Amino acid sequence: MYFTSISELWHMAGHGSYVWAAYGASLIVLGASLLMPARAYRRQLRMIKAQSNSIDD
Amino acid sequence: MANWQWFHRLGSPKWLHGTINRWLPWVLVSALVLLSIGVVWGLAFTPPDYKQGNSFRIIYIHVPTAVVALAGYYAMAIAGAVSIIWRMKVADMALRAIAPVGAAITLLGLFTGAVWGKPTWGAYWVWEDARLTSMLVLFFLYLGIMALHDAFQNRQGGSRAAAIIALVGTVNIPIIYKSVDWWSSLHQSASIKFTEESTIAAEMMYPLMVTIPGVYLLFAAAVMLQMRVQIAHSERHSRWLEKYAINRA
């Protein structure tokens, strides 16, 4: 590792807040763009299944 | 005789749904592996820039998101063209699938650029800068296309309008590329070149060679997930999807 300690990695000689803000935001936005459509799809399948059951009954 | 079977298959939502489900885990896992390696490498195992210090580490997410924001727009415009010319349902689905993912990636490109700009240029945002402004226009194009889809009473009208705007918006792409050369800009010009020697140090470049394909694959995974939502919506009354939904649970 280039840094000698975790706290040095965190502070990055004063640039830590900028660097970690960039990576934190990326984690949130990229994570959301995967999770949101995955959940929407599961919801759609549940609805299709429920409708099919109600027709069969 | 040319074999056009693949083109017809591509037009089948059922075939596409199955193909997405087969490929998705591989694309997703490759994206996560590449991004984990590239980000850890770039954050902790490269030396700081001699001028910018540690703020330059933002490059490993900023450049990939900006590159993919542009590439995504190309893909969306091609889908728009196919949707207009051949009235292919799947192309319209692709247009609808790419727009939100493209908007999210462009927003990240803008945000990571802003937090890099502050310690480097002394400002989060500079309105006079053509690169920044043209990227903001790209973000609004993505948003506009998302909004147009829902702005029409009938689905077809929304699809056509969105496809036309996607095509018209491609004029912005060369402007973004050339903005740093055409106008005086705070934004630096490209330091990774394909036709001549790159002006970035090799050890700083290697993690970027990992995170760029990583973000491309992540973008692909997100578009595949969105595509599945589009297919499930348009095929919600079809027998094959009903069977799939029942067997899956």
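Please refer to the structure higher up on the page.
Reference entry: report on the structure contained in this document. (Residues numbered from 1 in each chain as written. Chains lettered and ligands numbered in written order. Predicted model: local features only at pLDDT ≥ 70, side-chain atom pairs only at ≥ 80, totals over all residues.)

## Some details on the overall build of chain B
When helices and strands are counted, chain B shows 9 helices and 0 strands. Mapped in sequence order, the helices and strands of chain B form the string α-α-α-α-α-α-α-α-α. Summarising its shape, the C-alpha atoms of chain B cover approximately 60 × 40 × 35 Å along the three principal directions. A burial count over chain B gives 39% of its 249 residues as buried. Summarising the internal contacts of chain B: among those between residues at least 6 apart in sequence, 75% fall at separations of at least 24. (Helix = DSSP H or I, 4+ residues; strand = E, 2+ residues; numbered from the N terminus. Buried ≥ 20, exposed ≤ 12 C-beta atoms within 10 Å, placed from the backbone. Contact = placed C-beta atoms within 7 Å.)

## Some thoughts on unusual backbone geometry
We note that Met12(A) has phi near 50 degrees; this positive angle belongs to a residue other than glycine. On the secondary structure map, Met12(A) appears in the loop between α1 (6-11) and α2 (16-56). You will see that Arg87(B), though not glycine, has its phi angle at about 50 degrees, which is positive. Counting through the fold element by element, Arg87(B) comes out in the loop between α3 (59-85) and α4 (89-121).

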